[in-house]
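Below, each chain spelled out in residue letters.
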Amino acid sequence: MNKFILEGVNLWYGDFQALKGIDMEIPANKITAFIGPSGCGKSTLIKSLNRMNDLIEGCKVSGNILLDGESINGDTDVNALRKRVGMVFQKPNPFPMSVFDNIAYGPRTHGVKSKLALGEIVERSLRDAAIWDEVKDRLKKSALGLSGGQQQRLCIARALSVQPDVLLMDEPTSALDPISTAKIEELVITLKKHYTIVIVTHNMQQATRISNRTGFFLLGELVEFGKTNKLFSLPKDKRTEDYITGRFG
Amino acid sequence: MKRRKPRDLVLFLLTWVCVGVTALVLLTVVGYILFNGVPYIRPSLFAWEYTAQNKSLMPALVGTLMIVGLALALAVPLGVFSAIYLVEYARRGSRFVKVVRLTTETLAGIPSIVYGLFGFIFFGVFLGWGLSLMSGSFTVSIMILPLIMRTTEESLKSVPDTYREGSFGLGAGRLRTVARIVLPAAIPGILAGIILATGRIVGETAAIIFTLGNVARMPNHLFDTGRTLSAHMYALANEGTHAGEAHATAAVLLLVVIILNAVSSKIARIIKAN
Amino acid sequence: MGRRTLVAWKKVCNREFVAKVIFIVSASAAVLAVGLICVFLLVQGLPAMWDIGIVSFLTGTDWRPTWTPPLFGILPMILGSLYVTVGAVFFGVPVGIFAAVFMARFCPPYLYKVLKPAVNLLAGIPSVVYGYFGMVVLVPFVRGHIGGNGNSILTASILLGMMILPTIITISESAIRAVPEEIYEGAVALGASHERAVFFTVLPAAKSGVFAAVILGIGRAVGETMAVRMVAGNQAVLRMPHEILSGTRTLTANVVIELGYAADEHRQALIATGVVLFVFIMGINIAFSMLKKKDGL
C-alpha cells in the first residue's frame, strides 16, 4: 500500500526550480531514503510532504501530492496535515522548556488538557523513542541540558506524541556522533512497524543499513527510485552508479 | 612598548586623550551631582506633603511611577504586537512594512519638545484632557513606542528559526507558535527594552511639562495634573532658591537612571551568555 | 466526528484571524501617531505662518509677542539653533570620532567592559540633569574663566557637545566595526602601522556610517530643549557668529519658555515654531536614513 503518491511535482523558489517533475510512490510502513549531493532537492521534497515549504517566501508548488489518496495541496488544513505527518529536523531542536513540556507541547496544541492523559502520552512517546529510562528522573528539567543524541531522540518522541502516520526525518543524524547515530538508526528500524518513515540522508551507508526503498536525486530530478539493495547493487542509471561509487558528491 | 613614528604616536595619543575626555565628562557629571547631592538626601525630602518650605520630591516620585506605569501599559502591548506582526507575520519587503518602518524611524527622531507640543495640542486641547496623567502618559507612550518596537523586533529575530520549525512541524498554528515558543524565548530582550524605555520616561521633561503639567502634588485621578521627578528637577533649578533640595533631587534622578541602566545591561549580558 | 472537527477548526482559524488583525492594528499605531502629529502641527501651525507671512516669520528679526501689533520673527531662534549646533559639532564630533576609533580598534578588552556601559550611561543621563550640571558648573566656569555672564552660546555648545558624545561614539563605533577585517589586514600586509591602517584605511571605509553618526548627533543637538534652555540665556535677539559669549535662544527654547502662558496668535506662532523645528529634524532624519542605507548599518 502506498502512503504518498507524487505526480509531476515541480517546485520553485522564486525563479529557481528546485524540483522537476517528481513522480514517486512512497510505501506505507517502510523506510524510504532520499539520497543525493547537496542542493539536489531531497530536503526540499521531504519538506513539501508536510508543507513546511509554505514557510519559505516565494515558494511555489505544482503537481499533485496525495496522502492516503487525498491531495494535500491548496486549502488543506496544514496544521492537521502536520499532525499526521510529523517531522524530525537536521539539528536537534528541543524547545527551551522542560522535557515534559517539550513532549506535551504537541498534544496540548491539539487540545489534550487532562494532566493524566498528558502524563501517559509523555511516557508512551518517550518509551517509543527509547529514551524514557534516560530522562524519567528529570522530566521537569530543561531539555537543553540533554546531550545531542538524547535531544534528537527527544525530538523524535515529540514528533511521536501527536500519533502521526508518517515520520519525516531530514538528515536526523548529521549533527551526531557515531554512537548516538547507531542508537537512532536502531530506533528508526523499530518504528517502521507503526509508522511510514521518509528519511533524507547524506550518508549512503545509512541508507543501505536502514531503508527499504531509496530515491537518488540530482539537480532537482529523481534519477532513480527502487528497492534499496537493488539500487545500490545494480543501479540502472549511470549517474546513480557514479554517485554511489563515490565518483562525485 | 613598540616604537611608533611621530605621526602614529600623535594619532595614538589622540585616541587616548579623546576617550579620556569622554570618561572625564561622565565622571565629572556623575561625580559632581552625586557628591553634592547625596549629602542632602534626607528623610524630609521624601515627606508625603510638598510645601513651600520643604520641597519634598515624593509627589514627583509618585507621579513618575504613575506616568511610567500608564505609559508602559499603553506602549508595551502596542509595541510588542507591532514587532510580532513585523517579524512573524508580515512578508518581507511588503509596502505596509516599509511604511511602518519609516514612521517608526520618524517617531524615534522627533525631539521631545515636539512631542510636548503635539500632546498639548492633541490630548490636552483637542481631546480636552487638559494637563493630566492621561495626556502625559499617552504622549510619552508614543515617544517610547519605537524603542519598544525595535528591541522587541531584535529579540524576536534572535530566536532561532529551528524553534519555529519544531512548533509548526507539530501542527501548531502561527499564533500558538508565537505565543508559546517564540515570545517566551524573547522575553529577556523585551524586558531590557522596557527598562530602557522606563529610563527615557523618567528622564523626560519637555514632553511632560505641557501634558502632565508641573504641579507639585499627587494626582488623584487619571485626569488630574501632577509632575514627574525630571519636571520637579526643572522647577527647582528654575526657582533657584533651594540649592540643597535641587542637588539632592538631581542625585536621586541620576541614581534611578544609573540603576535602570545597570539592570538593563545586566539583562543584556545574561542574554549574550545564553 | 467530521462535523465536530470542522467546528474545532473554525475556532482555530478564527482565533488566528483575530490575533492577526490585532497585530496589524497595533503595527498601524505608529503610522497613525505620525499622521496625527503631522496633521495637528500643520493645521495649527500653518495658518499662523500664513497670517504672519511665511517670509516675515522665517526672516523677521524681532520676536515681540506682547507688542501691539505683535511681531513674530524667528530668525534669531533659527540662528540660535544653528550656532549652538555648530558649536556642539565642534566640541563633540572630533572627540566622539577619536573615542569611537579607540573603542573599536585600540581598546583593551578589560577597559572596554568599563567604557561601553559608561558611554551607555552617558546616553541615559536625563537632559535636565545635564542642564542642571551646566547651570551650576559650566555657567560659573565660563563666567569666571572666559567671560560674559556665563549664559551663552559657548556654554550651550560645550554642554551639547557633551550630550551628543554617546550618539557619535556608539554609531561611529559600530560603523568602524562593520568594516571588513580584510581591509585592515590588506593595509597591514602592505607594511602600514596599526595607526596608519586604522586611520587611513579603515576609517575612510566607514565614512558614511561616521557621517550618519554626525548627522544623528546634529539632530539631537537641534532637538535638545531643557539643557539648552537652562544655560543659553535665552534672549530672543539676533546674534552675530562672533558673539559666542552672549546669550541666545533656540527654536526649542522658544517653545518651552512661552508655551505655558501663550494664547491665541502667540500660541499658534509657537506651534509654527515647532513646525519649523519639525521640518528641520525631518530633513536631518532623511539624510541620516539615506546614509544608513548606503552603509548597510
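Residues numbered from 1 in each chain as written. Chains lettered and ligands numbered in written order. Predicted model: local features only at pLDDT ≥ 70, side-chain atom pairs only at ≥ 80, totals over all residues.

Here we look at the overall build of chain B
Within chain B, the secondary structure is distributed over ten helices and zero strands. What you see in chain B, going N to C, is helices and strands ordered as α-α-α-α-α-α-α-α-α-α. Projected onto the principal axes, the alpha-carbon positions of chain B cover approximately 70 × 70 × 30 Å. Taking contacts inside chain B between residues at least 6 apart in sequence as the whole, the part at least 24 apart equals 74%. (Helix = DSSP H or I, 4+ residues; strand = E, 2+ residues; numbered from the N terminus. Contact = placed C-beta atoms within 7 Å.)

Concerning the sheet that holds strand β5 (residues 70–71) of chain A
Residue and element names in this part refer to chain A. Overall, antiparallel pairing links the four strands, which are arranged β2-β1-β4-β5 in an open sheet. Each of the sheet's edge strands pairs with one partner strand only, and the pair in question is β2 (16–27) and β5. Here strand β4 (residues 59–67) pairs with β5 via two bridges, running antiparallel. Bridge pairing links Leu66 to Ser71 in β5. (Pairing = 2+ DSSP bridges.)

Examining the confidence of the model for chain B
For chain B, per-residue confidence averages 92 on the pLDDT scale, and 99% of positions sit at 70 or higher. Overall fold confidence for the complex sits at a pTM of 0.89, while the interface term, ipTM, reaches 0.91. (pLDDT = per-residue confidence, 0-100.)

Quick look at unusual backbone geometry
Along the chain, Thr68(C) connects to Pro69(C) via a cis peptide bond; the corresponding omega equals -10°. Relative to the assigned elements, Pro69(C) resides in the loop between β1 (63–64) and β2 (71–72). Backbone geometry at Gln163(A) places phi at a positive 50°, although glycine is not the residue there. Here Gln163(A) falls in the partly exposed class, since 16 other C-beta atoms lie within 10 Å of it. Of note in this structure, Leu219(A) is not a glycine but carries a positive phi near 50°. Tracing the chain through its elements places Leu219(A) in the loop between β9 (213–218) and β10 (221–227). (Buried ≥ 20, exposed ≤ 12 C-beta atoms within 10 Å, placed from the backbone.)

Points about the interface of chain C and chain B
Counting from both sides, the interface comprises 67 residues of chain C and, opposite them, 67 residues of chain B. Among the elements that take part in the side of chain C that touches chain B, helix α1 (residues 2–52) of chain C stands out by supplying 20 residues, more than any other. Along the lines of polarity and charge, the residues of the side of chain C that touches chain B split into 48 nonpolar, 14 polar and five charged. (Nonpolar A, V, L, I, M, F, W, Y, C, P; charged D, E, K, R; others polar.)

What about the packing of helix α1 (residues 6–37) of chain B against helix α5 (residues 127–145) of chain C?
The interhelical angle for the contact between α1(B) and α5(C), taken along N-to-C directions, is 80°, at an axis separation of 11 Å. Viewed along their axes, α1(B) and α5(C) adopt a mutual orientation that is roughly perpendicular. For the pair formed by α1(B) and α5(C), the contact residues are Val29(B), Tyr32(B) and Ile33(B) on the first element and Val129(C), Tyr130(C), Phe133(C) and Val137(C) on the second. Classifying every residue of the contact of α1(B) with α5(C) gives seven nonpolar, no polar and no charged. (Axes fitted to C-alpha atoms, helices over the stretch in contact; angles between N-to-C directions. Parallel < 35°, antiparallel > 145°, perpendicular 65-115°, else oblique.)

Some words on the environment of Leu49(A)
Residues and elements named next belong to chain A. Positionally, Leu49 belongs in the loop between α1 (42–48) and β4. Among the residues examined, Leu49 registers 22 C-beta atoms within 10 Å and is labelled buried. Taking the C-alpha atoms as reference points, Leu49 and Leu168, separated by 119 residues in sequence, lie 8.2 Å from one another. Once residues lying within four places of it in the same chain are set aside, the contact partners of Leu49 are Phe4, Ile65, Val85, Leu168 and Val198.

Some points on the nonpolar core
Within the largest apolar cluster, 261 residues are counted, with the highest numbers of intra-cluster contacts made by Leu117(B), Leu145(B) and Tyr132(C). Broken down by element, this core gets its largest block of residues, 17 residues, from helix α3 (residues 75–106) of chain C. The residues touching Leu117(B), leaving out its near neighbours within four places in the chain, are Phe210(B), Leu41(C), Val255(C), Leu259(C), Ile271(C) and Gly274(C). (Core = buried A, V, L, I, M, F, W, Y, C linked by C-beta atoms within 7 Å.)

Some thoughts on the domain arrangement of chain B
Residue and element names in this part refer to chain B. Domains assigned within chain B are domain 1 (6–39) and domain 2 (41–273). Computed from C-alpha coordinates alone, the two centres of domain 1 and domain 2 are separated by 30 Å. Looking at the side of domain 1 that touches domain 2 residue by residue, the class counts come to four nonpolar, two polar and no charged. (Domains from an automatic or database assignment.)

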